[in-house]
Amino acid sequence: MKSVKDVIADALYESDKRFWKKIYNKEEEHWTEKEPSNLTKKVVNEYDKFDRILEIGCAAGIDTFLLATITKDKIIGIDITEEAIELAKKNLKEQSKRIRKKVKFEIGDVEHLKYEDDEFDFVYSLSVLHTTDINKSLKEIHRVLNDDGKAVIYVFIGKGKKELDPKKFMTVCKKYFNIDKKPEKVKTKDKEHTAMIVYLEVA
Ligand SMILES: C[S@@+](CC[C@H](N)C(=O)[O-])C[C@H]1O[C@@H](n2cnc3c(N)ncnc32)[C@H](O)[C@@H]1O
């Protein structure tokens, strides 16, 4: 029989899924048809090539395709929403053969990654983790990264309902990771929120 904790976790997972599904069904959100983000461009310019990348909350895959240019072996884009993964798979068909060979999209939840320990050497996530249980998400990211692994994570911060407290966020980051580069605070595109970018490394 399931424990009370598991029953609650399942209910929260289903409610998150419903929340994002509704958003995709409205087809209003910019991230379904956007250009690659500035942070993704920066990462692609500044980092050497990785063997295996995991992108969390890939939406329609636009950033995934750019990240594939710094991937030697494979990149997996995951998203909790089926509609997002369908869009991403549709968009993948329009990519070059070189990109198509490296990219895979799968439905997945960052709090319960289905990948092996040490499977990736880079994890990237833009505008996703502040809506998740940050402790579970960072623990899982740490688990799937190998000893040389790095992660770049962009979250909304602030005092709002779903926004993280920056100090708490940094405390959880430091629980699992070393800080690779100084974190950055930036304004979101709509200038209404503040976001934080953390550059993490396993060792
Ligand atoms: C605000 S959008 C950002 C999309 C994209 N990264 C971007 O910046 O354009 C958040 C995305 O994360 C996905 N998501 C939300 N919770 C998630 C979870 N627990 N695991 C994986 N993906 C999740 C949503 O379905 C949505 O596509």
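Preceding this section is the structure that the text describes.
My aim in this report is to walk through the structure given alongside it, one point at a time. (Residues numbered from 1 in each chain as written. Predicted model: local features only at pLDDT ≥ 70, side-chain atom pairs only at ≥ 80, totals over all residues.)

A closer look at the overall build of the chain
Counting its regular elements, the chain contains seven helices and seven strands. Along the chain, from the amino end to the carboxyl end, the secondary structure elements read α-α-β-α-β-α-α-β-β-α-β-α-β-β. Its C-alpha atoms give the chain a radius of gyration of 16 Å, within 12% of the compact-globule value 17 Å for 203 residues. In terms of overall dimensions, the chain has C-alpha extents of about 45 × 45 × 40 Å along its principal axes. Buried residues in the chain amount to 36% of all 203 residues. Considering only contacts within the chain whose residues lie at least 6 apart along the sequence, 68% involve residues at least 24 apart. (Helix = DSSP H or I, 4+ residues; strand = E, 2+ residues; numbered from the N terminus. Rg over C-alpha atoms; globule rule 2.2 N^0.38 Å. Buried ≥ 20, exposed ≤ 12 C-beta atoms within 10 Å, placed from the backbone. Contact = placed C-beta atoms within 7 Å.)

Quick word on the packing of helix α6 (residues 134-144) against helix α7 (residues 166-176)
α7 packs onto α6 with a crossing angle of 30° between their chain directions and a minimal axis gap of 10 Å. Relative to α7, the element α6 is oriented roughly parallel. Crossing handedness for the pair α6 and α7: right-handed. Across the interface between the two elements, I134, N135, L138, K139 and H142 of α6 pack against F169, V172, C173 and Y176 of α7. By residue class, the composition of the contact of α6 with α7 is six nonpolar, two polar and one charged. (Axes fitted to C-alpha atoms, helices over the stretch in contact; angles between N-to-C directions. Parallel < 35°, antiparallel > 145°, perpendicular 65-115°, else oblique. Left-handed = near helix turned anticlockwise from the far one by under 90°. Nonpolar A, V, L, I, M, F, W, Y, C, P; charged D, E, K, R; others polar.)

Overview of the sheet that holds strand β2 (residues 71-79)
An order of β3-β2-β1-β4-β5-β7-β6 is seen for the seven strands of this open sheet, with the pairing classed as mixed. In this open sheet, the two strands that pair with only one neighbour each are β3 (103-107) and β6 (178-187). The average angle at which neighbouring strand axes cross in this sheet is 15°, direction not considered. Across four bridges, the pairing between strand β1 (residues 50-56) and strand β4 (residues 120-126) is parallel. Within the sheet, the bridge partner assigned to E55 lies in β4 and is Y124. The sheet strands contacting α7 are β5 (145-157), β6 and β7 (194-201), and the helix crosses β7 at an angle near 10°. (Pairing = 2+ DSSP bridges.)

Looking at the pairing of β1
Burial within β1 is extensive, with six of its seven residues counted as buried. Judged from the six bridges that link them, β1 and β2 form a sheet pairing that is parallel. Opposite I56, over in β2, you have I78 as the bridge partner. Regarding topology, helix α3 (residues 62-67) serves as the crossover connection from β1 to the parallel β2, and that connection is right-handed. (Right-handed = clockwise from strand over helix to strand, strands pointing away.)

Let's talk about the nonpolar core
What tends to happen in soluble globular proteins is that the nonpolar side chains get buried as a cluster. I53, L54, V123, Y124, A151, I153 and V155 are the most contacted members of the largest nonpolar core, which totals 52 residues. The element contributing the most residues to this core is β5, with six residues. Those residues in contact with I153, other than ones at most four positions away along the chain, are S125, L129, V198 and L200. (Core = buried A, V, L, I, M, F, W, Y, C linked by C-beta atoms within 7 Å.)

Quick look at the pairing of β2
The sheet contact formed by β2 and β3 spans five bridges and is parallel. Bridge pairing in β3 places D79 opposite I107.

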